[in-house]
Amino acid sequence: MNRALIVIDVQESFRARTEWADTLNPTVAEPVNRLVELARAAGDLVVWVLHTEPGSGNVFDPESGHVRLFEELSEPRPGEPVLRKTSHNAFTTTNLQQILTAHGVGELRICGIRAEQCVETTTRVGSDLGYDVTFVSDATSTDPLGRFSAADILERTEAVLRGRFARIATVAELEAEAAGAEPGAAPQPDVAASAV
């Protein structure tokens with residue numbers, strides 16, 4: 001089964017907002033880059049997604065100049081789609097599913113900004129479409145919301161996705177699994193993810 005990494009909304013729009021000062025993981029680009037390198041080394045498809053709100057006049061309006069990937073992210077390579085969405089999930093307003101189908105993808109790794117919003121909704125929709133999904137928690141960030149801290153929101157997101165819509169993993173766990181073919185290393189499965 002082929003696999004794809006979906007990098008969602010790791011874009012300058014978020015850093016242009018005052019809320020970014022309170023974000024959970026301001027250095028989210030570092031674990032995302034590690035995931036991208038892991039995906040490329042495995043021959044997985046990497047798909048980059050940007051959120052847009054054309055005509056809104058806010059930081060998600062393409063006219064703002066902020067709808068671009070974080071500059072410290074690895075540059076998309078030829079053959080790595082860069083999609084622009086206008087919905088919370090990355091499927092509804094893009095041709096993501098057609099791209100995945102064309103590449104024979106059955107497994108997704110998902111990361112990005114914001115955990116409980118676009119990353120979670122893409123994870124749920126992907127699961128409902130029949131993909132085997134891994135939500136990569138430490139390559140994901142979010143902001144506080146109301147009385148909930150950003151850490152609380154990420155914990156809640158992991159709790160509602162785990163074993164229902166996705167396996168929860170860290171970049172280090174996925175790196176260890178990739179090295180599992182080496183003597184003495186063994187992948188550690190998320191047993192909760194097998195429960196339906």
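Here, the structure is the one placed above.
The paragraphs below set out a description of the structure included in this document. Sequence order sets the numbering: in each chain, residues are counted from 1 along the sequence as written. In keeping with the predicted nature of the model, local features appear solely for residues at pLDDT of at least 70, side-chain atom pairs appear and are counted solely at 80 or more, and the whole-chain, interface and lining totals rest on all residues. The side-chain figures draw on all heavy atoms in the structure; neither hydrogens nor water molecules are used.

1. A few points about the overall build of the chain
Where helices and strands are cited, they refer to DSSP runs of H or I of at least four residues and of E of at least two residues respectively, numbered from the N terminus. For the chain, the helix and strand inventory stands at six helices and six strands. Element order for the chain, N to C, with α for helix and β for strand: β-α-α-β-β-α-β-α-β-α-β-α. The globule rule used here is 2.2 Å times the number of residues to the 0.38 power, and the radius of gyration it is set against is calculated over C-alpha atoms. In terms of overall dimensions, the chain is globule-like: its C-alpha atoms have a radius of gyration of 16 Å, near the 16 Å expected for 196 residues. Per-residue burial over the chain gives 51% buried out of 196 residues. Two residues qualify as a contact provided that any one of their heavy atoms is within 4.5 Å of a heavy atom in the partner residue. Put simply, 75% of the contacts in the chain that link residues at least 6 apart link residues at least 24 apart. Partly exposed describes any residue whose relative accessible area lies between the buried limit of under 20% and the exposed limit of over 50%, with all areas from a 1.4 Å probe on protein chains only and scaled to the type maximum.

2. Thoughts on helix α2 (residues 29–42)
The span one expects for a helix is its residue count, reduced by one, times 1.5 Å. Along its 14 residues, α2 runs 20 Å from first to last C-alpha, staying within 8% of the 20 Å computed at 1.5 Å per residue. Among the residues making up α2, those that are buried are A29, P31, V32, N33, L35, V36, L38, A39 and R40. Buried residues belonging to α2 abut β1 (2–8), β2 (45–51), β4 (105–113), β5 (132–141) and α6 (171–178). Count one or two residues on from α2 and you reach G43, which has phi positive near 80 degrees.

3. A word on the pattern of salt bridges
Once the charged atoms of two side chains with opposite charge are near each other, the side chains can pair. Just to be clear on terms, a salt bridge is a Lys or Arg side-chain nitrogen sitting within 4 Å of an Asp or Glu carboxyl oxygen. For the structure on display, the rule yields 15 salt bridges. E107 serves as the salt-bridge partner of R3, at 3.8 Å between the closest nitrogen and oxygen. One end of the pair, R3, is in strand β1; the other, E107, is in strand β4, and 104 residues separate them in sequence. The closest approach of N and O atoms between R34 and E175, which form a salt bridge, is 2.6 Å. Separated by 141 residues along the polypeptide, R34 in helix α2 and E175 in helix α6 bring together distant segments of the chain. When its relative accessible area of 28% is taken as the criterion, R34 is described as partly exposed. One salt-bridge network, held together by shared partners, links R3, D44 and E107.

4. Remarks on unusual backbone geometry
Following I113, the chain continues to R114 via a peptide bond in cis, the omega torsion being -5 degrees. As for its placement among the helices and strands, R114 is situated in the loop between β4 and α4 (115–128). The backbone of D9 sits at a positive phi, close to 60 degrees, despite the residue not being glycine. Position of D9 relative to the elements: it lies in the loop between β1 and α1 (12–15).

5. What to know about the packing of aromatic side chains
Two measures describe an aromatic ring pair: the distance that separates the ring centres and the angle between the ring planes. Stacked, edge-to-face and tilted are the three classes for Phe, Tyr and Trp ring pairs, Trp counted by its six-membered ring, which pair at centre distances within 6.5 Å; planes under 30 degrees apart are stacked, over 60 edge-to-face, the rest tilted. Per the stated rule, a full pass over the model turns up three aromatic pairs. Between the NZ or CZ atom of R15 and the centre of the ring of F70, over which it lies, the distance is 3.7 Å. Charge over a ring is defined by NZ of Lys or CZ of Arg lying within 6 Å of the ring centre and within 35 degrees of the ring normal.

6. Description of the pairing of β1
Most of β1 is tucked away: five of the seven residues are buried. Strand pairing is assigned whenever DSSP identifies at least 2 bridges connecting the two strands. The pairing of β1 with β4 spans seven bridges and is parallel. Looking across to β4, one finds that V7 is bridged to C111.

7. Focus: α6
Restricting attention to buried positions, one finds in α6 the residues V171, L174 and E177. When α6 is viewed along its axis, its buried side chains cluster within an angular range of 125 degrees and face the same direction. For α6, the elements touching its buried residues are α2, β4, β5 and β6 (167–169). Relevant arc is that of directions from the helix axis to the C-beta atoms, nothing else.

8. Things to note about the pairing of strand β3 (residues 82–85)
Burial of β3 is one-sided: the residues L83 and K85 facing one way are buried, the residues V82 and R84 facing the other way are not. As paired strands, β2 and β3 are joined by four bridges and run parallel to one another. Each bridged residue has a counterpart across the sheet, and for H51 the counterpart in β3 is K85.

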